[in-house]
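Fold and contact review
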Amino acid sequence: GGAGHGGVMTLYHTTSPAVAELIMKSGFKPGRGGWCGGAIYFVDTPTLPRTKYSIHTLDGAVIEAKVDMGHMALMDSKCDASYGHGLASARRHGY
C-alpha cells in the first residue's frame with residue numbers, strides 16, 4: 001500500500017475505565033502490542049467488535065476522539081506495505 005492523506009475524523013478507542021482516566025489526564029501513548037505492533041488503535045464505531053479484540057484489549061470505557069489522520073501508512077490486513085512489514089517499518093519510512 002501507498003500513503004494516504006486524511007482530514008480530521010471522529011474515531012473511538014476502547015480501553016479500561018482506569019486507563020481512560022489516565023488518557024484523559026495525560027493524552028494517548030502508544031501501547032506495547034496490537035495487530036501491527038505498539039500503536040494507538042481506533043475504530044470508526046463506538047462499539048469495538050469482538051473480532052477486533054486481542055489479548056491486549058482492555059474494555060469497559062470508550063473514548064471519542066477527533067483524530068487528525070495526517071500522513072497515513074496504508075497496510076494490508078497482515079500489516080504489510082510496499083516498504084515492509086508493520087509499525088517499525090512504517091516509522092523507518094517516515095510515517
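Throughout, a residue's number is its position along its own chain's written sequence, starting from 1. Only residues with pLDDT of 70 or above have their local features reported here, since the model is predicted, and side-chain atom pairs are shown and tallied only from 80 upward, although totals for entire chains, interfaces and linings are computed over all residues. Side-chain measures were taken over the full set of non-hydrogen atoms in the model, leaving aside hydrogen atoms and water.

1. Focus on the overall build of the protein chain
Helix and strand labels come from DSSP, where a helix needs a run of H or I of at least four residues and a strand needs a run of E of at least two; each type is numbered from the N terminus. Along the backbone of the protein chain there are 2 helices and 6 strands. Within these notes, the globule rule equals 2.2 Å times the number of residues to the 0.38 power, and the radius of gyration is based on C-alpha atoms. Against the compact-globule benchmark of 12 Å for 95 residues, the protein chain has a radius of gyration of 14 Å, which places it among compact chains. The principal-axis extents of the C-alpha atoms in the protein chain amount to approximately 35 × 30 × 25 Å. To sort residues, take the accessible area from a 1.4 Å probe on protein chains only and compare it with the maximum for the residue type: under 20% means buried, over 50% means exposed, and anything in between is partly exposed. Within the protein chain, buried positions represent 24% of all 95 residues. Intrachain contacts of the protein chain at a sequence separation of at least 6 include 70% that bridge at least 24 residues. In short, Shrake-Rupley with a 1.4 Å probe defines the accessible areas, and a residue's cover is counted only from the protein chains shown. Total accessible area computed for the protein chain in this model is approximately 6,500 Å², and 57% of it derives from carbon and sulfur atoms. Side chains of the protein chain carry 9 positive and 7 negative charges; the gap between the two charge centres is 7 Å. Whether two residues touch is decided by their heavy atoms; if any such pair falls within 4.5 Å, the residues are in contact. We treat Lys and Arg as the positive residues and Asp and Glu as the negative residues; His and chain ends play no part in the count. By convention, charge coordinates are those of NZ in Lys, CZ in Arg, CG in Asp, or CD in Glu.

2. Quick notes on the environment of Leu87
Secondary-structure assignment places Leu87 in helix H2 (residues 86-92). In sequence terms Leu87 and Asp59 are 28 residues apart; their C-alpha atoms lie 23 Å from each other. Once residues lying within four places of it in the same chain are set aside, the contact partners of Leu87 are Cys36, Gly37, Gly38, Ala39 and Met75.

3. Considering unusual backbone geometry
The phi torsion at Cys79 lies on the positive side, around 70°, for a residue other than glycine. Considering the arrangement of structural elements, one finds Cys79 in the loop between strand S4 (71-73) and strand S5 (80-81). Look at Cys79 and you get buried, because its relative accessible area is 2%.

4. Some thoughts on the pattern of salt bridges
Think of a salt bridge as a Lys or Arg side-chain nitrogen and an Asp or Glu carboxyl oxygen that are within 4 Å of each other. All told, the structure shown has 2 salt bridges when counted by the stated rule. With a closest N to O distance of 3.5 Å, Glu21 and Lys25 form a salt bridge. Of the two residues, Glu21 and Lys25 are both situated in helix H1 (residues 17-26); the distance of 4 residues between them amounts to about one turn of the helix.

5. Concerning the state of the cysteines
By definition, disulfides here are pairs of cysteine sulfur atoms that lie within 2.5 Å. Scanning all chains against the criterion turns up 1 disulfide. There is a disulfide in this structure between Cys36 and Cys79, and the S-S distance comes to 1.9 Å. On the sign convention where negative is left-handed, the bridge of Cys36 and Cys79, at about -85° about the S-S bond, is left-handed. Here Cys36, found in the loop between H1 and strand S3 (61-68), pairs with Cys79, found in the loop between S4 and S5; they are 43 residues apart in sequence, far enough to count as distant.

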